[in-house]
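# Report on the structure
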Amino acid sequence: MSQDEREFEVVIWGASGFTGKLTAEYLLAEYGVSNGLRWAIGGRNPEKMEAVRRELAETTGVECASLPILTGDSDDMSSLVELARRTRVVCTTVGPYAKYGSNLVEACAQSGTAYCDLTGEVHWMQRMIEAHQDAAMASGARIVFNCGFDCIPSDIGAFFMQREMKRLHGVACSQIQLRVKGFSGGASGGTIASMLSMLEESESDPRVGRAMSEPYSLNPKAERTGPDSAEPLAPHYDSDFDQWTAPFVMAGINTKVVRRSNALLDYAYGKDFRYDEAMLMGTGIGGLTKAAATSAGSALMMGAMAVGPLRRAAAGRLPQPGEGPSRAKREAGYFDLRLRGVGPNGHVIHGRVNGDRDPGYGSTSKMLAESAVCLARDSLGLGGGIWTPASAMGEALLMRLPKAGVTFRLED
Ligand SMILES: NC(=O)c1ccc[n+]([C@@H]2O[C@H](COP(=O)([O-])OP(=O)(O)OC[C@H]3O[C@@H](n4cnc5c(N)ncnc54)[C@H](OP(=O)(O)O)[C@@H]3O)[C@@H](O)[C@H]2O)c1
């Protein structure tokens, strides 16, 4: 069956989870049930899904008794193939992805179905690229990981800066730096479970650690070298921003995705392109103290979490699957990212990426939903394969994201 004839344009798979429910809530509020977009929610437990549908009507005030529910299970391949064949796009929040996501990628790659998700599990993405790139290319399935806070602001931010440098000065940025000026939000049980499962796997499989630490680990196999080195762990004085910086916890994922985008865009940013991320901590002795404390705090936490018994003891005290930051916290949340792009002739441009909700859930759910609609509806001129947000949907997402409260702009 051709893509156009499929019953649904988008299925939100995992709509009973914390982020899945928010993604469905956004789609319902923005696109309704029968206002043109043909979409459905899916999960493994039919009764739970019916309760989700009632809850969606209550939270949005939009009647949705006719919103279709699809059921299946991540361990049941035939249910996933059936799901994939009924829709143009599967938008999945069923994670940890390394635990529950592999069969779905395979089902979509075989069925020519577009796919988007929220993974930040680099070792799993690497595994999926190796296993399913050829099938996706053959079937025309456009698979896009990382459609949440990691890595849309970074990946589309870098794409935006490149576009603006070319527009203003006719050249590509040879370097882009992203600095986190501020953000406010919390973590969900699903995110914590994904981090813990990655650490768990790294104990028995050294490839997990290598995928996380090698700067070009997501590039095509023969292209895993370049000018960038692994993310620094120590505080650093950044003379370009005139502030002390500390490591940014998402940088290990975001930087690799931006580098993969460059490779997939036929090195439109240049073979010598450099990219890095860090958090701004302020100036003077106050900035240095904050940068040192933040760097030490992250190193200590990662060190403790790498120790099995400590990790298992902490897991019981952290949010559990299905739990996450309250509505009030999500609505009061935000993110503010600063970008600096440098051209080969010394041209410098400054940009900003801002989000109007907490990064991990309020903004993430809106970015994911718009990515799914983009894959379903926009003319992307894109063949099958395993893409990044920028290489798959760069311009189209720059048009769509402001609606989702995420803006990209140049500063004077
Ligand atoms: N990139 C980002 O910025 C970002 C932001 C937020 C979240 N995330 C990621 O998104 C994922 C979800 O997070 P979350 O907090 O929303 O998790 P969650 O609340 O635990 O939700 C997980 C979902 O997976 C479903 N599920 C579990 N096992 C399944 C199976 N065998 N078959 C079908 N469905 C199954 C659950 O269904 P039941 O309800 O039936 O248990 C639930 O719907 C995590 O991997 C997290 O790291 C990433």
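Calculation rules
- Residues numbered from 1 in each chain as written.
- Predicted model: local features only at pLDDT ≥ 70, side-chain atom pairs only at ≥ 80, totals over all residues.
- Heavy atoms only, no water.
- Domains from an automatic or database assignment.
- Buried area = accessible area lost by both parts, 1.4 Å probe.
- Pairing = 2+ DSSP bridges.
- Helix = DSSP H or I, 4+ residues; strand = E, 2+ residues; numbered from the N terminus.
- Axes fitted to C-alpha atoms, helices over the stretch in contact; angles between N-to-C directions.
- Buried < 20%, exposed > 50% of the residue type's maximum accessible area, 1.4 Å probe, protein only.
- Polar contact = N/O pair within 3.5 Å; in protein donor to acceptor, adjacent residues only side chain to side chain.
- Contact = heavy atoms within 4.5 Å.
- Patch = residues over 30% accessible without salt bridge, like charges linked within 9 Å, V, L, I, M, F, W, Y side chains within 5 Å.
- Areas by Shrake-Rupley, 256 points an atom, 1.4 Å probe, with all protein chains shown as cover.
- Salt bridge = Lys/Arg side-chain N within 4 Å of Asp/Glu carboxyl O.

### Some words on the domain arrangement of the chain
Where the parts come together, the accessible area they lose is often given as the size of the interface. On domain assignment, one finds that the chain holds domain 1 (3–149 + 362–411) and domain 2 (152–356). One C-alpha centre belongs to domain 1, the other to domain 2; they are set 24 Å apart. With both chains or domains summed, domain 1 and domain 2 bury close to 4,100 Å², and 64% of this area falls on carbon and sulfur atoms. Contact with domain 2 buries surface across domain 1, with Phe18, Phe149 and Leu410 losing the most and accounting together for 18% of the total.

### What about the sheet that holds strand E3 (residues 69–71)?
Pairing is parallel in the open sheet, where seven strands are placed in the order E3-E2-E1-E4-E5-E6-E13. Of all strands in the sheet, those with a lone pairing partner are E3 and strand E13 (385–387), marking the two edges. The average undirected angle you get between the axes of adjacent strands in this sheet is 20°. Both strand E1 (residues 8–13) and strand E4 (residues 87–92) contribute to a ladder of five bridges, which runs parallel. Along E4, the bridge assignment pairs tryptophan 13 with threonine 92.

### Topic: the side chain of arginine 259
When you line up the elements, arginine 259 lands in helix H10 (residues 251–264). Its relative accessible area of 3% is what places arginine 259 among the buried residues. A polar side-chain atom of arginine 259 sits 2.8 Å from the main-chain carbonyl oxygen of proline 215. Excluding residues within four positions of it along the chain, arginine 259 makes contact with Pro215, Tyr216, Asn219, Asp228, Ser229, Glu231 and Tyr275.

### What to know about the pairing of strand E10 (residues 274–282)
Here E10 lies mainly inside the structure; seven of its nine residues are buried. Inspection of the sheet shows strand E7 (residues 175–184) paired to E10 by six bridges, in the parallel sense. Along E10, the bridge assignment pairs leucine 178 with glutamate 277.

### Quick notes on a nonpolar patch on the surface
On the surface, Met195, Met301 and Met302 cluster together into a nonpolar patch covering about 270 Å² of accessible area. Tracing the sequence through the fold places methionine 195 in helix H8 (residues 189–204). Here methionine 195 falls in the partly exposed class, since its relative accessible area comes to 38%.

### Let's talk about the pattern of salt bridges
Under the definition given, this model contains 30 salt bridges. As a salt-bridge pair, arginine 38 and glutamate 9 come within 4.0 Å of each other at their nearest N and O atoms. With arginine 38 in the loop between helix H1 (18–31) and strand E2 (39–43) and glutamate 9 in strand E1, this pair connects stretches of sequence that are 29 residues apart. For arginine 357, the salt bridge identified is with aspartate 356, shortest N-O distance 4.0 Å. The exposure class of arginine 357 is partly exposed, given its relative accessible area of 27%. Linked by salt bridges that have partners in common, Glu30, Glu370, Asp378, Arg400 and Lys403 make up one network.

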